[in-house]
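Structural overview for review
One-letter residues, chain by chain:
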Amino acid sequence: MKFCRFNDNRLGIVDVDRNEVIDVTPALDLIPPMRYPAPLGDQLMANFAEVRKKAEALAASAPRVGLEAVKFLSPVGNPTKIVNAPINYDDHISEAKADQGIAHGRTNITHISDWGLFLKATSALIGFGDEVKLRMPDRRNDHELELAVIIGKTCHKATQADALSYVAGYAMGLDMTIRGKQQTCWRKSVDTYAVCGPWMVTSDELTDPSSLDLVLKVNGETRQDSNTKYLVYSVPRLIEYATEMYTLYPGDIILTGTPAGVGPVVPGDVMNCYIEGIGARDMRVAREYA
Ligand code: MN
């Protein structure tokens, strides 16, 4: 099943065959009211089993909206972390070694175990209904298409054997990046530089993330064309690796790394994104307006 958040914080089930979103927003009433301080984690994901049951019950008689009238938000609104895997495809490691525009003098482009994971600010998060607004247009601004994993249950010291049981679903992710020497958390946390969506495919529909094609085109020209089978650290290994250091909470997003073919975008470009089992969607690139 494909769930989305859309328009003014509405909840939807995506009917891909009919190009419609079924508006099941009243199911959000099952999320308990909160008092300060709010619990860590996205409360839609923390209460997803109950919300989903109600949403499915509502769906038969719920109003429908054509996809063209839907503005997709990120499927989760309040992750505590956007966890990112650097250098997690061998062909991206090779291009990073070869391309000084990516490497910026780094000589230790070796293996993800040498780098660990990094975080993007949650304030950078947008959905596919928004647009990426470039900051520092004089610098190289790159697209990185990545499989996004959305955590459904609090998860600490996971093992590869049980890791996928903590996953609520999957989405497409864009780890937009200003190239340069600065820390990743600085260059990759610009407002709008973390894209997730357009919807979340639940893990009972997309059961195996280990062999999914992913393709990114810019204005119709193929830039990235790979498959998640080439991940250096698989999805279960990434969950295990992340939870060696920190607890993952419901709604936390893991961007699993990007394959070769990263390259610059400029205002006016359209990134045509596709991941097998999730779907296809365009993301526009704009400039930041003062
Ligand atoms: Mn990345």
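Residues numbered from 1 in each chain as written. Predicted model: local features only at pLDDT ≥ 70, side-chain atom pairs only at ≥ 80, totals over all residues. Heavy atoms only, no water.

Here we look at helix α2 (residues 48-59)
For an α-helix, the turn length of 3.6 residues means that residues three or four places apart are oriented alike. For α2, built from twelve residues, the straight-helix expectation of 16 Å at 1.5 Å per residue is met to within 8% by its first-to-last C-alpha distance of 16 Å. Restricting attention to buried positions, one finds in α2 the residues Phe48, Val51, Arg52, Ala55 and Ala59. Around the axis of α2, the buried residues are gathered within 100° of arc, so they sit on the same side. Exposed and facing more than 90 degrees away from the buried side of α2 are Ala49, Lys53 and Ala57. (Helix = DSSP H or I, 4+ residues; strand = E, 2+ residues; numbered from the N terminus. Expected span 1.5 Å × (residues − 1). Buried < 20%, exposed > 50% of the residue type's maximum accessible area, 1.4 Å probe, protein only. Arc of directions from axis to C-beta.)

Section: the sheet that holds strand β16 (residues 221-227)
If you walk across this open sheet you meet the five strands as β9-β20-β19-β15-β16, and the pairing is mixed. Bordering the open sheet on either side are β9 (131-134) and β16, each of which pairs with just one other strand. Across the sheet, the axes of successive neighbouring strands diverge by a mean angle of 20°, strand direction being ignored. Alignment of strand β15 (residues 213-218) against strand β19 (residues 270-275), held across five bridges, turns out to be antiparallel. Among the inter-strand pairings, valine 218 is bridged to a residue of β19, identified as methionine 271. (Pairing = 2+ DSSP bridges. Axes fitted to C-alpha atoms, helices over the stretch in contact; angles between N-to-C directions.)

Some thoughts on helix α7 (residues 235-243)
For α7, the tally of buried residues reaches nine of nine residues, placing the bulk of the element in the interior. Here α7 has its buried residues at Val235, Pro236, Arg237, Leu238, Ile239, Glu240, Tyr241, Ala242 and Thr243. On its buried face, α7 is in contact with β6 (82-84), α5 (112-115), β11 (145-151), β12 (167-175) and β17 (253-255). (Contact = heavy atoms within 4.5 Å.)

Looking at the nonpolar core
When a protein is soluble and globular, its nonpolar side chains tend to lie buried together. One finds Val132, Leu174, Ile239, Met271 and Ile278 to be the most contacted residues of the largest nonpolar core, which totals 55 residues. It is α7 that provides the largest number of residues to this core, a total of five residues. Ignoring anything within four residues of it in the chain, the contact list for leucine 174 reads Phe128, Glu144, Leu145, Tyr193, Ala194, Val195, Leu216, Leu255, Met271, Cys273 and Met283. Counting 27 residues, the second largest nonpolar core, distinct from the first, contains Ala59, Ala168, Ala171 and Ala194. (Core = buried A, V, L, I, M, F, W, Y, C linked by side-chain atoms within 4.5 Å.)

Side note on the packing of aromatic side chains
Inspection of every chain in the model, using the stated rule, returns three aromatic pairs. Between phenylalanine 3 and phenylalanine 48 the ring centres are 4.9 Å apart and the planes differ by 80°, which places this aromatic pair in the edge-to-face class. Residue phenylalanine 3 is located in strand β1 (residues 2-6), and its partner phenylalanine 48 is located in helix α2; the two are separated by 45 residues in the primary sequence. The pair phenylalanine 3 / phenylalanine 48 is uniform in exposure class, with both members buried. Considering the side-chain rings of phenylalanine 72 and tryptophan 199, the 5.5 Å spacing of their centres and the 70° angle between planes classify their relative orientation as edge-to-face. Here phenylalanine 72 is found in strand β5 (residues 72-73), whereas its partner tryptophan 199 is found in strand β14 (residues 194-202), with 127 residues between them in sequence. (Phe/Tyr/Trp six-rings, centres within 6.5 Å; stacked < 30°, edge-to-face > 60°.)

Details of the coordination of the manganese ion
Coordination of the manganese ion by the protein involves Glu144 (OE), Glu146 (OE) and Asp175 (OD), with metal-donor separations of 2.0 to 2.1 Å. In primary-sequence terms, the residues that donate to the manganese ion follow E-x1-E-x28-D. We note that glutamate 144, like glutamate 146, is buried. (Donors = N, O, S within 2.8 Å, 3.2 Å for Na, K, Ca; no water.)

Brief notes about the sheet that holds strand β13 (residues 177-178)
The sheet built from three strands is open, its strands ordered β13-β10-β18 with antiparallel pairing. The sheet terminates laterally at β13 and β18 (263-264), the two strands that pair on one side only. The pairing of strand β10 (residues 141-143) with β18 spans two bridges and is classified as antiparallel. Across the sheet, residue aspartate 142 finds its bridge partner in β18, namely proline 264.

Observations concerning the pattern of salt bridges
The tally for this structure, following the rule as stated, stands at 21 salt bridges. Across the salt bridge formed by lysine 188 and aspartate 175, the nearest N and O atoms sit 2.8 Å from each other. Note that lysine 188 is positioned in the loop between α6 (184-187) and β14 and aspartate 175 in strand β12, a separation of 13 residues in sequence. One exposure class covers both lysine 188 and aspartate 175, and it is buried. (Salt bridge = Lys/Arg side-chain N within 4 Å of Asp/Glu carboxyl O.)

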